[in-house]
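Single-letter residue listing:
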Amino acid sequence: MWLVVGVFAALGAALGVVSYAATDWARVQFASAASGATLAEFGPVFVSLSAFQTTVTLFLAGPVVGTVVGVLVGSRFLDWRLAGGVAGGGSLVGFFVMAGLGTFGLSLVGGPGTEQIYAVDQAIGPLLVAGVATGVVGGVSGLLGSAFVR
């Protein structure tokens, strides 16, 4: 299970750094350097959309990583129930570690033009749905890995 969580944690840390860099870059390009009424209105909207898109990408990475790691880890178990439990539980916990690190990196972005970025508590509902989906796909992938991959 810790292998699965570790993979998600490493990915989450990397996505957190990339989230910060990409969103701060958008802020500098479209909000801080904005001049004129149109750019001053467009900049904060673009930065908030960039932050939202980055978060959605982070959430979408969960099931993909859960599938790959689930099959790999599940293939090491003879008991398919144990494989599904380890891969599913690891994917669920790992997703929340990954998403936590990723959104933490995104939350560090500040300055002019970031006033419209969503509050982290607004992402809790979608985070829970994505976490459950990731746990399920990780568990099913673990079952399949145990049954078919040797």
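So, here is what we can say about the structure in this document. This one's a predicted model, so the numbers in the text were calculated from it and none came from an experiment.

Counting 13 residues, the largest nonpolar core has Val4, Phe8, Phe59, Val69, Val73, Phe95 and Met98 as the members making the most contacts within it. Those elements that place two or more of their residues in this core are helix H1 (2-32), helix H2 (37-74) and helix H3 (80-107). Looking at which element gives the most residues to this core, the answer is H2, with 6 residues. When near neighbours in sequence (up to four residues on either side) are disregarded, Phe59 contacts Phe95, Ala99, Ala123, Pro126, Leu127 and Ala130. In terms of nonpolar packing, the next biggest core, distinct from the first, is built from 8 residues, Ala26, Ala51, Leu106 and Ile117 among them.

Before going further, it helps to spend a moment on helix H4 (residues 124-148). End to end, H4 covers 36 Å across 25 residues, agreeing with the expected 36 Å (1.5 Å per residue, within 8%). For H4, the complete set of buried residues consists of Ala130, Gly131, Thr134, Gly135, Gly138, Gly139, Ser141, Gly142, Gly145 and Ser146.

This part is about the layout of surface pockets. In this structure, the largest pocket encloses a volume near 150 Å³. Ser48, Phe52, Thr55, Val56, Phe59, Leu60, Gln116, Ile117, Tyr118, Gln122, Ala123 and Pro126 together form the lining of the largest pocket. The element that contributes the greatest number of residues to the lining of the largest pocket is H2, accounting for 6 residues. Taken together, the residues of the lining of the largest pocket break down into 8 nonpolar, 4 polar and no charged.

Here the focus is the environment of Gly105. Structurally, Gly105 can be placed in helix H3. With a relative accessible area of 5%, Gly105 lands in the buried category. As for Gly105 and Pro126, which are separated by 21 residues in sequence, their C-alpha atoms are 18 Å apart. In contact with Gly105, other than residues within four places in its own chain, are Gly16 and Tyr20.

Together, Met1, Leu92, Val93, Phe96, Ile124 and Leu128 give the surface a local cluster of nonpolar side chains, amounting to about 470 Å² of exposed area. Elements supplying a minimum of two residues to the nonpolar patch: H3 and H4. Within the fold, Val93 resides in helix H3. The class of Val93 is partly exposed, set by a relative accessible area of 34%.

For Ser141, the location among the structural elements is in helix H4. Note on Ser141: relative accessible area 5%, which makes it buried. Only 2.7 Å separates the side chain of Ser141 from the backbone oxygen of Val137, close enough to count as a polar contact. Not counting the four nearest positions on each side in its chain, Ser141 is found in contact with Gly66, Thr67, Gly70 and Val71.

Time to look at the packing of aromatic side chains. Per the stated rule, a full pass over the model turns up 2 aromatic pairs. The interplanar angle of 70° and the centroid separation of 5.7 Å between the aromatic rings of Phe95 and Phe96 together place this pair among those described as edge-to-face. Since its relative accessible area comes to 0%, Phe95 is described here as buried. Among the aromatic residues, ring-to-ring pairing joins Phe59, Phe95 and Phe96 into one connected group.

How each quantity is defined
Note on numbering: residues in each chain are counted from 1, in written sequence order. This being a predicted model, a pLDDT of at least 70 is required before a residue's local features are given, and a value of 80 or more before pairs of side-chain atoms are given or counted; all residues contribute to the totals for chains, interfaces and linings. To get the side-chain values, all heavy atoms of the structure are used, and hydrogens and water are removed first. Here, nonpolar core refers to any group of buried Ala, Val, Leu, Ile, Met, Phe, Trp, Tyr and Cys residues whose side-chain atoms link them within 4.5 Å. We call a residue buried when its accessible area falls under 20% of the maximum for its residue type, exposed when it is over 50%, and partly exposed in between, using a 1.4 Å probe and counting protein chains only. Numbering of helices and strands starts at the N terminus; helices are DSSP runs of H or I of at least 4 residues and strands are runs of E of at least 2. By the convention used here, residues are in contact when the closest approach between their heavy atoms is within 4.5 Å. Multiply 1.5 Å by the residue count of a helix minus one, and that product is the helix's expected span. Only protein atoms enter the calculation, which uses a 1 Å grid: trapped sets of points that fit a 1.4 Å probe without letting it out are cavities, open sets showing protein on both sides within 12 Å along at least five of seven lines are pockets, and any residue with an atom within 4 Å of a point is a lining residue. Grid points are joined across faces, edges and corners, and a volume is the space filled by probe spheres set on the points. When residues are sorted by character, Ala, Val, Leu, Ile, Met, Phe, Trp, Tyr, Cys and Pro go into the nonpolar class, Asp, Glu, Lys and Arg into the charged class, and all the rest, Gly among them, into the polar class. Here the term patch refers to residues with relative accessible area over 30% and no salt bridge, with like charges joined within 9 Å and nonpolar side chains (Val, Leu, Ile, Met, Phe, Trp, Tyr) within 5 Å. Surface accessibility in these figures is a Shrake-Rupley result with a 1.4 Å probe; residues are shielded only by whichever protein chains are displayed. Definition used for salt bridges: Asp or Glu carboxyl oxygen within 4 Å of a side-chain nitrogen of Lys or Arg. What qualifies as a polar contact is a pair of N or O atoms within 3.5 Å, subject to a donor-acceptor requirement within protein and to the restriction that residues adjacent in sequence count only when both atoms come from side chains. Ring pairs shown here join Phe, Tyr and Trp side chains whose ring centres sit within 6.5 Å, with only the six-membered ring taken for Trp; geometry is labelled stacked below 30 degrees between planes, edge-to-face above 60, and tilted in between.

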